[in-house]
Amino acid sequence: FSIFWASRRTLSLNLSQDNSLFMYLDLSISLSCFFNAVIYLNFMLKLYVMRHAKSSWDHPNLEDHERPLSKRGKKNAKKICEFFVKKKYKFDYILLSSSKRTKKTLKILLKKIEKPKKIISSKKLYLSSEDKIIDIIKKTPKKFKSVLLINHEPAVRNLVRSLTKNHNNNHFKLLNYKFPTSAFAKIYFDFNEWNKLDGNGLIKEFMRPKDLQDSKE
């Protein structure tokens, strides 16, 4: 009888040790996966492609380059700004067209988002083709991992088409149908140098002002 209980106690201890070992291995694997994911995300480049907020047509004699934002445009830009803040999106580097409406859009964003390390406003980005924009993005220094581009249609939509490959997802279908003012697309690239920019990016998000209104965010 005593031998039976001794054997049972030994078996119990062995099982307990085995369970501890399995728990340790499981925790080790989980932590390893977590840290690998963190390293991988830090390695990836992120490009946010945003269309400027809605502009005003109240002054028909103004040149297109000088048109300001409308009331609706300001309201929608603020909604996107609040979404950026809520999601804790940070941009190292911001590229934008030299037009008044893109600059005013950025001004609204800068009231709440974390200030980027560098901002470049260029006339070369004003009503430019997606190919020229890609050439400009490729010159982004390697140290900047998260870039926000604020630009115009049809360049923003064509740019996302050119830089991505997952065209079967809902994000792409929505933006390909219409890329509204103040909307933005988030694209991930599986490399760490902008000069490698190609058509293998992945669309991870497409957000429109009306999506935020519907979800009350």
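Residues numbered from 1 in each chain as written. Predicted model: local features only at pLDDT ≥ 70, side-chain atom pairs only at ≥ 80, totals over all residues. Heavy atoms only, no water.

Draft legend 1. Structural context of the sheet that holds strand β6 (residues 202-207). Strand order in this open sheet of six strands is β3-β2-β4-β1-β5-β6, and the pairing throughout is mixed. Every interior strand has two partners, whereas the edge strands, β3 (118-122) and β6, have only one. Neighbouring strand axes in the sheet, compared pairwise and without regard to direction, differ in orientation by 15° on average. (Pairing = 2+ DSSP bridges. Helix = DSSP H or I, 4+ residues; strand = E, 2+ residues; numbered from the N terminus. Axes fitted to C-alpha atoms, helices over the stretch in contact; angles between N-to-C directions.)

Draft legend 2. Representation of a positive patch on the surface. Together, Lys71, Lys74, Lys78, Lys100, Lys104, Lys107 and Lys111 give the surface a local cluster of positive charge. Contributions of two or more residues to the positive patch are made by α2 (71-87) and α3 (100-109). Position of Lys71 relative to the elements: it lies in helix α2. The exposed category is assigned to Lys71, whose relative accessible area is 77%. (Patch = residues over 30% accessible without salt bridge, like charges linked within 9 Å, V, L, I, M, F, W, Y side chains within 5 Å. Areas by Shrake-Rupley, 256 points an atom, 1.4 Å probe, with all protein chains shown as cover. Salt bridge = Lys/Arg side-chain N within 4 Å of Asp/Glu carboxyl O. Lys, Arg positive; Asp, Glu negative; His and termini not counted. Charge placed at Lys NZ, Arg CZ, Asp CG, Glu CD. Buried < 20%, exposed > 50% of the residue type's maximum accessible area, 1.4 Å probe, protein only.)

Draft legend 3. Structural detail: helix α4 (residues 130-137). Among the residues of α4, Glu130, Ile133, Ile134 and Ile137 are the ones counted as buried. All buried residues of α4 fall inside an arc of 100° around its axis, so they share one side. Each element contacted by the buried residues of α4 is listed here: β1 (45-51), β2 (93-97), β4 (146-151) and α5 (155-163). (Arc of directions from axis to C-beta. Contact = heavy atoms within 4.5 Å.)

Draft legend 4. Layout of the environment of Ile108. By the secondary structure assignment, Ile108 is in helix α3. In this structure Ile108 comes out as buried when scored by relative accessible area, which is 9%. Between the C-alpha atom of Ile108 and that of Lys78, which follows or precedes it by 30 residues, the distance is 6.5 Å. In contact with Ile108, other than residues within four places in its own chain, are Leu69, Lys74, Ala77, Lys78 and Cys81.

Functional significance is not addressed by these values, which are geometric in nature.
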